[in-house]
Amino acid sequence: MKEAPFPTTPADRQIRWWLLLWGALLGLAILKFGNPVILERQIPAPASWNDAMTDPWPIRWVNGLALAVGLAGLPWIWREIPLRLPQISRWLWVPPMLWLAWQYLSSAQTEDPRLTSATLAQFTGVFAAYAIGLLLISSRARLQWVLAGVLAGFCLCLMRSVNQRMEFPQMRASLVEGERTGWTNFPPAAVEDLERQLLIVTTNGARIANPLILLKLERGRVNGTLVYPNALAAIVLLLLPVTLVLVDQVTRPARPATRWAALGLLGGLGAIALFWSGSKSGWLIALALLAAAGWKSTVPRRWKTTALALIAVGGVLAFALRFQSYFAAGATSVGARMDYWNAAVRTALTHPI
C-alpha cells in the first residue's frame with residue numbers, strides 16, 4: 001500500500017460506495033454502540049427522536065444493521081475471496097479464528113446462556129468485520145473510503161467529550177439541587193427520564209441522585225459516546241494517528257492554512273479528549289507512540305535522540321504531576337486490576353476449557 005495519491009482501479013470504483021457505507025456503520029458504532037454487550041438490559045430503546053439523537057442504542061440493533069450492510073456487499077466480498085486469500089498471511093487468520101473457536105467451545109460451560117449468546121454474537125460480528133477488512137481493504141484508495149465514515153463518527157465522539165467537560169459541573173449541581181428540593185425544580189417528565197437513565201435512584205422510598213453518577217461527575221473524566229473514560233482513551237490512541245494521516249492526504253490540494261487548521265483541529269480535539277479522559281495507561285501509551293513516530297522521522301540522529309529524551313522526561317514528569325493525587329490515594333484501580341487477573345488465573349486453572 002505504497003501508492004499515492006490513491007490511484008483507483010475499475011474494481012475500486014465499483015465498490016467505493018459500499019466501502020463508504022461500511023465505514024459509516026463503523027462510525028455509527030462509535031457513536032451509538034459504545035457500550036459492552038453485557039449492559040444490554042440497561043440500554044432502553046429510544047422513546048423519542050431526541051432520545052435517538054442523544055442516547056446510546058441497544059446493542060442488538062447493530063446486528064441487523066451489520067447483516068443488511070454485509071448482504072449489500074456480498075457480491076464484492078464473494079468476488080474478492082479467491083483473489084485475496086492467497087495474498088493474506090495465515091498468521092492474520094489463524095489467531096483470531098482460534099480465539100473465536102475457543103469462545104464457542106467454552107460457552108458449553110456458561111453460567112448464563114442468554115448473556116453468553118449475546119456475547120458470542122458480538123464476537124462473531126467483530127471477527128466478520130475483521131475478515132471483511134482483510135479481504136476488501138487491499139489498497140489506500142479503498143482504505144480512504146472506509147475511513148471517511150469512521151472519521152465522521154470519531155470526530156463527533158471527540159466533540160462530545162469536550163462538551164461533557166463543560167456539562168459535568170452543571171449537571172452535578174443540578175442533580176444536587178434537585179435532591180435537596182425533592183425534584184420540584186424538574187418537570188415530572190424530566191424526572192422520569194432521569195430515572196430511566198439511572199441518574200436518579202430510589203432508596204428507602206426516597207428519590208436521590210445516584211451517588212456513583214455524582215462521583216463520576218465530580219471527577220470530571222470524560223467518556224464521549226463510549227462506556228467509560230478508558231474506552232475513550234483507547235479509541236483515541238487507535239484512531240487518531242490513522243485519521244490524521246487521512247486528513248493530511250485528503251487536504252494536500254487545499255491551501256496550507258486550511259490544511260494545518262484541519263490537522264490542528266483534529267489533533268487538538270484528540271489530545272484534549274485523551275487528557276480529560278484521565279487515563280493513566282493511555283498517557284503512557286501515547287508517549288510510546290510519540291517516541292516511535294519520532295524515531296521513524298527523517299530528523300538527524302543527534303537531534304532525534306535529544307528530542308526523544310525530552311519527550312520521555314517531560315512526559316513522565318507531567319504524568320507524575322497530573323496523577324499525583326491518584327498515587328497518593330494508593331492507586332486503588334491498580335490493586336483492583338490485580339484482583340481481576342488473579343481471579344482470571346484461578347478460573348483458568350479450575351476450568352481450563
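Residues numbered from 1 in each chain as written. Predicted model: local features only at pLDDT ≥ 70, side-chain atom pairs only at ≥ 80, totals over all residues. Heavy atoms only, no water.

Caption draft 1: Summary view of the pairing of strand β1 (residues 200-203). The sheet contact formed by β1 and strand β2 (residues 206-209) spans four bridges and is antiparallel. Counterpart to I200 in the pairing with β2 is A209. Where β1 hands over to β2, the hairpin turn is made up of two residues, of which N204 adopts a positive phi near 55°. (Pairing = 2+ DSSP bridges. Helix = DSSP H or I, 4+ residues; strand = E, 2+ residues; numbered from the N terminus.)

Caption draft 2: Region of the structure containing the packing of aromatic side chains. For the coordinates displayed, the defined rule picks out six aromatic pairs. Ring geometry for W17 versus W145: centroids 5.5 Å apart, planes at 65°, classification edge-to-face. Residue W17 is found in helix α1 (residues 10-32), and its partner W145 is found in helix α7 (residues 140-180); the two are separated by 128 residues along the sequence. Residue W145 is classed as partly exposed on the basis of its relative accessible area, which comes to 22%. Note on W18 and W22: the rings are 5.8 Å apart at their centroids and 15° apart in plane angle, and the pair reads as stacked. Of the two residues, W18 and W22 both sit in helix α1, four residues apart, roughly one turn of that helix. (Phe/Tyr/Trp six-rings, centres within 6.5 Å; stacked < 30°, edge-to-face > 60°. Buried < 20%, exposed > 50% of the residue type's maximum accessible area, 1.4 Å probe, protein only.)

Caption draft 3: Expanded view of the packing of helix α3 (residues 60-72) against helix α4 (residues 74-84). At a minimum axis separation of 5 Å, α3 and α4 run at an interaxial angle of 60°. With respect to their mutual orientation, α3 and α4 come out oblique. When α3 is examined against α4, the residues G70, L71 and A72 are found in contact with a partner set consisting of L74, P75, W76 and I77. In terms of residue class, the contact of α3 with α4 is made up of six nonpolar, one polar and no charged. (Axes fitted to C-alpha atoms, helices over the stretch in contact; angles between N-to-C directions. Parallel < 35°, antiparallel > 145°, perpendicular 65-115°, else oblique. Contact = heavy atoms within 4.5 Å. Nonpolar A, V, L, I, M, F, W, Y, C, P; charged D, E, K, R; others polar.)

Caption draft 4: Broad picture of the pattern of salt bridges. Tallying each qualifying case throughout the model produces ten salt bridges. Here D112 and R41 are joined by a salt bridge, their closest N and O atoms 4.0 Å apart. Residue D112 is located in the loop between α5 (94-106) and α6 (113-136), and its partner R41 is located in the loop between α1 and α2 (49-54); the two are separated by 71 residues in the primary sequence. Among the salt bridges present, the one from R252 reaches D248, with a minimum N-O distance of 3.3 Å. Ionic contacts of the salt-bridge type, sharing partners, join the residues R79, E80 and R142 into one network. (Salt bridge = Lys/Arg side-chain N within 4 Å of Asp/Glu carboxyl O.)

Caption draft 5: How the structure looks around the nonpolar core. Among the nonpolar cores identified, the biggest contains 39 residues, and F154, L175, L232 and V236 are the most heavily contacted of them. Mapped by element, the contributors of at least two residues to this core are α7, α8 (188-196), α9 (211-219), α10 (229-250) and α11 (256-277). Here the element with the most residues in this core is α10; it accounts for ten residues. Once residues lying within four places of it in the same chain are set aside, the contact partners of L175 are W183, L194, L199, A209, I213, L214 and L217. Core analysis: the second largest hydrophobic core is formed by 18 residues, L25, I77, A131 and I137 among them. (Core = buried A, V, L, I, M, F, W, Y, C linked by side-chain atoms within 4.5 Å.)

Caption draft 6: How the structure looks around the environment of P75. Along the chain, the position of P75 falls in helix α4. P75 gets classed as exposed once you look at its relative accessible area, which sits at 54%. Placed 60 residues apart in sequence, P75 and I15 show a C-alpha to C-alpha distance of 9.7 Å.

Caption draft 7: How the structure looks around the confidence of the model for the protein chain. Mean pLDDT over the protein chain: 84, with 87% of residues reaching 70 or higher. Across residues 1-6, where pLDDT falls below 50, the model places eleven contacts with residues more than four positions away in sequence or in other chains. (pLDDT = per-residue confidence, 0-100.)

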